[in-house]
Amino acid sequence: MFEKILIANRGEIAVRIIRACREMGIKTVAVYSEADREALHTQLADEAVCIGPAAAAESYLSAERILSACMATGAQAIHPGFGFLSENSRFAEMCGKCNITFIGPSPEVMDKMGNKSQARRTMMEAKVPVVPGTKEAVYEAAEGERQAEKIGYPVMIKASSGGGGKGMRVAKSREEFQEAFQLAQMESQRAFGDRTMYIEKFVEEPRHVEIQILADKYGHVVQLGERDCSIQRHHQKVLEESPCCALTPKLRKKMGEAAVRAVKAVGYESAGTIEFLLDKHGNFYFMEMNTRIQVEHPVTEMVSGVDLIREQICIAAGEPLSVKQEDITLTGHAIECRINAEDPRNHFRPCPGTVEDLHFPGGCGVRMDTAVYSGYEIPPYYDSMIAKVIVHDRTRQEAIAKMRSTLGELVITGVTTNVDFLYDILYQEDFCSGRITTDFIEKHFAG
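An unreviewed UniProt entry lists the protein chain under the name Biotin carboxylase, with Candidatus Egerieimonas intestinavium given as the organism. Recorded under Catalytic activity (unreviewed entry), the UniProt text for the protein chain is reproduced unchanged: "N(6)-biotinyl-L-lysyl-[protein] + hydrogencarbonate + ATP = N(6)-carboxybiotinyl-L-lysyl-[protein] + ADP + phosphate + H(+)". On record in UniProt, under Subunit (unreviewed entry), the comment for the protein chain is "Acetyl-CoA carboxylase is a heterohexamer of biotin carboxyl carrier protein, biotin carboxylase and the two subunits of carboxyl transferase in a 2:2 complex."

Draft legend 1. Local environment of the environment of Pro298. On the secondary structure map, Pro298 appears in helix H10 (residues 297-304). The class for Pro298 is buried, based on a relative accessible area of 0%. Distance from Pro298 to Gly83, taken between C-alpha atoms, is 17 Å for residues 215 residues apart in sequence. Non-local contacts of Pro298, meaning those with residues more than four positions away in its chain, are made with Glu336, Arg367, Asp369, Lys388 and Ile390.

Draft legend 2. Geometry of the packing of aromatic side chains. The tally for this structure, following the rule as stated, stands at ten aromatic pairs. Among the aromatic residues, ring-to-ring pairing joins Tyr60, Phe84, Tyr381 and Tyr382 into one connected group. Lying over the aromatic face of Phe348, Arg233 brings its terminal NZ or CZ to 3.9 Å of the ring centre. Across from the ring centre of Tyr427, 3.9 Å away, lies the NZ or CZ of Arg404, which sits over that ring.

Draft legend 3. Representation of empty space enclosed by the protein in the model. Enumeration over the complete set of coordinates arrives at two cavities of 30 Å³ or more. Here the largest cavity is characterised by a volume of approximately 60 Å³. In this structure, the largest cavity is lined by Ala341, Pro350, Cys351, Pro352, Ile378, Pro379, Pro380, Tyr382, Asp383 and Ser384. Of the residues assigned to the lining of the largest cavity, the class counts are eight nonpolar, one polar and one charged.

Draft legend 4. View of the pairing of strand E21 (residues 385-393). For E21, a buried count of eight out of nine residues is recorded, marking the element as mostly surrounded by other parts of the structure. Summarising the sheet, strand E14 (residues 333-340) and E21 pair through eight bridges and their orientation is antiparallel. The residue of E21 that forms the bridge with Ile335 is Val391. Alignment of strand E19 (residues 366-370) against E21, held across five bridges, turns out to be antiparallel. Following the sheet pairing, Thr370 is matched in E21 by Ala387.

Draft legend 5. Up close: the side chain of Gln212. Relative to the helices and strands, Gln212 is located in strand E9 (residues 207-215). You can call Gln212 buried: its relative accessible area is 1%. There is a polar contact of 2.9 Å between the side chain of Gln212 and the side chain of Arg227. For Gln212, the residues in contact, after removing those within four places along its chain, are Val222, Gln223, Leu224, Gly225, Arg227, Ala271, Gly272, Thr273, Thr300 and Leu308.

Draft legend 6. Quick peek at the nonpolar core. Grouped together as the largest cluster of nonpolar side chains are 35 residues, with contacts concentrated most on Ile231, Ile339, Leu407, Ile425 and Phe431. Elements with a minimum of two residues in this core: strand E11 (236-242), E14, E19, E21, helix H12 (396-409), helix H13 (419-427) and helix H15 (440-444). Among the elements that take part in this core, H13 stands out by supplying five residues, more than any other. Among all residues touching Phe431, those that are not within four sequence positions of it are Ile231, Leu239, Glu241, Arg396, Ile400, Ile425, Leu426, Ile436 and Phe440.

Draft legend 7. Fine view of the state of the cysteines. Tallied over the full model, the rule gives zero disulfides. Between Cys98, a cysteine without a disulfide, and Cys95, which holds the nearest cysteine sulfur, the sulfur-to-sulfur distance is 7.1 Å.

Draft legend 8. Fine view of the environment of Glu336. Structurally, Glu336 is set in strand E14. Considering only alpha carbons, one finds Glu336 and Val299, 37 residues apart in sequence, at a separation of 6.4 Å. Each residue touching Glu336, except ones within four places of it in the same chain, is listed here: Val238, Leu239, Glu240, Val295, Glu296, Pro298, Val299, Lys388, Val389, Ile390 and Met403.

Draft legend 9. Up close: the environment of Ser86. Along the chain, Ser86 turns up in the loop between strand E4 (77-79) and helix H4 (89-97). Along the chain, Ser86 and Thr291 lie 205 residues apart, while their C-alpha atoms are 8.0 Å from each other. Among the polar contacts listed, one links the side chain of Ser86 to the backbone oxygen of Gly83, at a separation of 2.9 Å.

Scoring rules and cut-offs
Residues numbered from 1 in each chain as written. Predicted model: local features only at pLDDT ≥ 70, side-chain atom pairs only at ≥ 80, totals over all residues. Heavy atoms only, no water. UniProt positions renumbered as here; feature names shortened; annotations may be inferred. Helix = DSSP H or I, 4+ residues; strand = E, 2+ residues; numbered from the N terminus. Buried < 20%, exposed > 50% of the residue type's maximum accessible area, 1.4 Å probe, protein only. Contact = heavy atoms within 4.5 Å. Phe/Tyr/Trp six-rings, centres within 6.5 Å; stacked < 30°, edge-to-face > 60°. Lys NZ or Arg CZ within 6 Å of the ring centre and 35° of its normal. 1 Å grid on protein atoms, 1.4 Å probe; cavity = no way out; pocket = protein on both sides within 12 Å on 5 of 7 lines; lining within 4 Å. Points joined across faces, edges and corners; volume = space filled by probe spheres on them. Nonpolar A, V, L, I, M, F, W, Y, C, P; charged D, E, K, R; others polar. Pairing = 2+ DSSP bridges. Polar contact = N/O pair within 3.5 Å; in protein donor to acceptor, adjacent residues only side chain to side chain. Core = buried A, V, L, I, M, F, W, Y, C linked by side-chain atoms within 4.5 Å. Disulfide = S-S within 2.5 Å.

This is how it looks when you write it as structure tokens:
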């Protein structure tokens, strides 16, 4: 097992990883930008190294500075968390060349699954259902339009290197295609430095359902059930839950088996997620694979009792999985709400500032993952998420009631947050009855 791990991230995920390491007797190194000098993760880690100015490109996205910090402190491994360099195959490759263990999959697998066009082809070969679409990359709008005619409108235009909703546009007709393609491609070029696109059939009113998997170096793969991540705003998840109330036991088994096939097809090692679109007829289609831990991993931990961060670290250290498929029992229902410093009444504008009064709720089945504290200054340079509230109870209705109570007790002053917006979602009749699709927010909060 590792003696010291560097966490190449910030915020609540850095804190989460530090706590897992502490429980395992592993020392930790935090890295921070000048804007995060007083951040909680820098205070909780055994060591902390400043890696540059506030701009992420000069700090958290600088592979060279992070690797220098790792070697200077004698850390044997790097945990990338999510975002930043977590799915950067070049960074993973650089770690290997420096004899530093990257806690995640190999660079080759990241490349194979990170490129969505290539991932689709791989899934087809593994007999995992995929949304009808192009098999080869598309670079020109004219070619994309020809392919869209064959697929049939509406279509989704996607960046091959995309993620987080960037480089995505829907074209409902031929008249909309050219502009949508050009906008998606420009966004992809800006965000990822890649103009490679692909076209697929737009599945109307789908659910976004993902399967959590773990795979070790010895060919053992387990799936830990699904998460329903359909409550989204501009393809960014807002609220997640496990299990998905739309799945029958038969469909759950079928999706889980497909996810395991997908993972085995690429020789995956580490924690990862296979994401599917589920239509109203019970058909599901592979969408993408996330080759990292995800923001919403706590709901799976709550229903499965498996510490996903611990398993990630153990896999990277060469240990076999601590659980077999027959050991995994999913119990009850969990919901996660993302608390963001933003103003829902002003187009969700980010609202950085200084946290004044702070009260976190507690109780049976209540978990808070956060890195904020009273007096903490939320910097304007990074993602606006400042906390995650996770609850667990016996049934979905009981979990909803618990989340309402928990959010009602939560106090964060000094900055504007989306707590009231989340509270409103929990009282929507369609949400309470489980009638959820990816356009839920668009339908119920159009204003």
